[in-house]
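If you want the building blocks of each chain, they are given just below.
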Amino acid sequence: MRQPLYCIVLAIAALGLASSAHAQTSGNAMLEVKEIVLQHARIGDLKAADYCGFYRGEAMDTLSKLFKQEGMPVTPIAEIKPPVIGQARIDLFPEVVTLDDQSGNCISWIALTAQSQNTLRIPPVETPRSVIITYWRSGLQVSSSQSVHGRVLINTLQKLARQFAEQYKLDQPPTLLDSEN
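Residues numbered from 1 in each chain as written. Predicted model: local features only at pLDDT ≥ 70, side-chain atom pairs only at ≥ 80, totals over all residues. Heavy atoms only, no water.

A closer look at the nonpolar core
Across soluble globular proteins, you tend to see nonpolar side chains buried next to one another.
1) Next: Ranked by internal contacts, the top residues of the largest apolar core, which has 31 residues, are Ile36, Phe54, Phe67, Met72, Leu92 and Phe164.
2) Next: Broken down by secondary-structure element, the contributors of at least two residues to this core are strand 1 (35-38), helix 3 (56-69), strand 4 (89-100), strand 5 (105-121), strand 6 (128-145) and helix 4 (149-171).
3) Next: Leaving out residues up to four positions away in the same chain, Phe54 has contacts with Ala41, Ile43, Ala49, Ala59, Val96, Leu153 and Leu157. (Core = buried A, V, L, I, M, F, W, Y, C linked by side-chain atoms within 4.5 Å. Buried < 20%, exposed > 50% of the residue type's maximum accessible area, 1.4 Å probe, protein only. Helix = DSSP H or I, 4+ residues; strand = E, 2+ residues; numbered from the N terminus. Contact = heavy atoms within 4.5 Å.)

Remarks on the state of the cysteines
1) Next: Under the counting rule described, the total for this entry stands at one disulfide.
2) Next: In this model, Cys52 is linked to Cys106 through a disulfide, with the two sulfur atoms separated by 1.9 Å. The sign of the -85° torsion about the S-S bond sets the Cys52-Cys106 disulfide as left-handed. You can see Cys52 sitting in the loop between helix 2 (46-51) and helix 3 and its partner Cys106 sitting in strand 5, a full 54 residues away along the chain. The residues Cys52 and Cys106 share a single accessibility class, namely buried. (Disulfide = S-S within 2.5 Å.)

Structural notes on the packing of aromatic side chains
1) Next: Under the counting rule described, the total for this entry stands at two aromatic pairs.
2) Next: Through pairs of rings, three or more aromatic residues link up here, namely Phe67, Trp136 and Phe164.
3) Next: Here the basic side chain of Arg42 rests over the ring of Phe93, its NZ or CZ set 3.9 Å away from the ring centre. (Phe/Tyr/Trp six-rings, centres within 6.5 Å; stacked < 30°, edge-to-face > 60°. Lys NZ or Arg CZ within 6 Å of the ring centre and 35° of its normal.)

Things to note about unusual backbone geometry
1) Next: Residue Pro124 is bonded to the preceding Pro123 through a cis peptide linkage, with omega at 10°.
2) Next: Relative to the assigned elements, Pro124 resides in the loop between strand 5 and strand 6.
3) Next: Its identity as a non-glycine residue notwithstanding, Glu32 has a phi of 65°, on the positive side.
4) Next: Relative to the elements of secondary structure, Glu32 occurs in the loop between helix 1 (2-25) and strand 1.

So, the environment of Tyr135
1) Next: Checked against the element boundaries, Tyr135 lands in strand 6.
2) Next: Residues Tyr135 and Thr113, spaced 22 residues apart in sequence, show a C-alpha to C-alpha distance of 7.7 Å.
3) Next: Residue contacts for Tyr135: discarding those within four places in its chain leaves Ala29, Met30, Ile90, Ala114, Gln115 and Ser116.
4) Next: Reaching out from Tyr135, the side chain makes a polar contact with the side chain of Ser116 at a distance of 3.1 Å. (Polar contact = N/O pair within 3.5 Å; in protein donor to acceptor, adjacent residues only side chain to side chain.)

Focus on helix 3
1) Next: The terminal C-alpha atoms of helix 3, which comprises 14 residues, lie 20 Å apart, in line with the 20 Å expected from a rise of 1.5 Å per residue.
2) Next: Residues of helix 3 that are buried in the fold lie against strand 1, strand 3 (74-76), strand 4 and helix 4.
3) Next: Count one or two residues on from helix 3 and you reach Gly71, which has phi positive near 75°. (Expected span 1.5 Å × (residues − 1).)

Things to note about the pattern of salt bridges
1) Next: Across all of its chains, the model carries five salt bridges by this definition.
2) Next: Its salt-bridge partner being Lys34, residue Glu32 comes within 3.1 Å of it at the nearest N-O pair.
3) Next: Look at Glu32 and you get partly exposed, because its relative accessible area is 38%.
4) Next: Close ionic contact of Lys169 with Glu70 constitutes a salt bridge, the shortest N to O distance being 2.8 Å. Of this pair, Lys169 sits in helix 4 while Glu70 sits in the loop between helix 3 and strand 3, placing them 99 residues apart in sequence.
5) Next: Under the relative-accessibility criterion, Glu70 is labelled partly exposed at 28%. (Salt bridge = Lys/Arg side-chain N within 4 Å of Asp/Glu carboxyl O.)

Concerning the pairing of strand 4
1) Next: Bridging between strand 1 and strand 4 involves four bridges; their strand directions are parallel. Of the residues in strand 4, the one forming a bridge with Glu35 is Arg89.
2) Next: The sheet contact formed by strand 2 (residues 42-43) and strand 4 spans two bridges and is parallel. Of the residues in strand 4, the one forming a bridge with Ile43 is Val96.
3) Next: Judged from the ten bridges that link them, strand 4 and strand 5 form a sheet pairing that is antiparallel. Across the sheet, the residue bridging to Asp100 is Cys106, located in strand 5.
4) Next: The turn joining strand 4 and strand 5, which pair antiparallel and follow one another in sequence, is formed by four residues; a positive phi near 65° is taken by Gln102. (Pairing = 2+ DSSP bridges.)

This is how it looks when you write it as structure tokens:
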């Protein structure tokens, strides 16, 4: 009886070591990404979002200012230039889905997703395939009264944006100090 239990414990430990080794060798998702395009916020229900005080323009302005303060290479979609060959670019999509529960309360799902869409040839089939690669995604559900929900949404977007900025910075190579310093 002891032998099967010992084998199970050993197998679980080996799986844990293998998954942590994979995490260490898989690399940083946003390594060397030089351009991030801030896309327009995706809104689930415009009527509910309006009722609950969410305004796309205010959200875009808030995110743009926060990323600028963080020193991030984020550019709003309206100001983006054509892509440069060999320079990594990803898209950042804010998403807000709001429900009005008809009692003066609002419930929203807020998310940020960093992704790219590419056309690749994946062997053994030579037909080009469109693939979406997700580099980072996080979201939160919030609930509040209708009168303060717009502010709650903006604060939540800021929280997610700070988390994204932190992960982006962690994924970049460290800066090397000059040997004289």
